[in-house]
Amino acid sequence: QLQASGGGLVQAGGSLRLSCAASGKIFSINAMGWYRQAPGKERELVASISSGGSTNYAESAKGRFTISRDNAKNTVYLQMNSLKPEDTAVYYCKLREFLQRALDSWGQGTQVTVSS
């Protein structure tokens, strides 16, 4: 089970930090990531991080967002700086465990609203 938190309302240029904690037994080889979905748009990847620490960012997130994780706590973070109104969306965290096949779990989503 994934529990996301940290969303809210912020002015353009502001910052937010999202957290997502995974509970239960997690397979050691995995990746955690943040996705977002704005009204009327498809869900898109924002950033991901592997259990080994390799990161991947969407172009829109590069230079402004930083993904990190605490493996001991099975928690992934997304530090978002210099927020823009176009970052407004519901943000979802995802856990992908690489078992015999990939197994995906999703968090419940947290709303991020950036006012201009």
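Everything discussed here concerns the structure shown above.
Residues numbered from 1 in each chain as written. Predicted model: local features only at pLDDT ≥ 70, side-chain atom pairs only at ≥ 80, totals over all residues. Heavy atoms only, no water.

Draft legend 1. Representation of unusual backbone geometry in the model. Unlike most non-glycine residues, N74 shows phi in positive territory, near 50°. Following the sequence through the fold, N74 ends up in the loop between β7 (65–70) and β8 (75–80). At S82, a residue that is not glycine, the phi angle is positive and equals roughly 50°. As for its position among the elements, S82 is in the loop between β8 and β9 (89–98). (Helix = DSSP H or I, 4+ residues; strand = E, 2+ residues; numbered from the N terminus.)

Draft legend 2. A look at the pairing of β7. The alternating pattern of β7 places F65, I67 and R69 on a buried face and T66, S68 and D70 on a face that is not buried. As paired elements, β7 and β8 share 6 bridges and run antiparallel to each other. Among the inter-strand pairings, S68 is bridged to a residue of β8, identified as Y77. Hairpin remark: β7 followed by β8, antiparallel, with 4 residues in the connecting loop; positive phi at N74, about 50°. (Buried < 20%, exposed > 50% of the residue type's maximum accessible area, 1.4 Å probe, protein only. Pairing = 2+ DSSP bridges.)

Draft legend 3. Seen up close, the packing of aromatic side chains. Applying the stated criterion across every chain yields a total of 1 aromatic pair. Taking 5.0 Å as the distance between ring centres and 65° as the angle between the ring planes, the aromatic pair formed by Y35 and W106 counts as edge-to-face. With a gap of 71 residues between them, Y35 in strand β4 (residues 30–37) and W106 in strand β10 (residues 102–106) connect regions that are remote in the sequence. For R17, the ring lying beneath its charged end belongs to Y77, and the centroid distance is 4.1 Å. For the cation-ring pair, R43 lies above W106, with the distance from its terminal atom to the ring centre recorded as 4.6 Å. (Phe/Tyr/Trp six-rings, centres within 6.5 Å; stacked < 30°, edge-to-face > 60°. Lys NZ or Arg CZ within 6 Å of the ring centre and 35° of its normal.)

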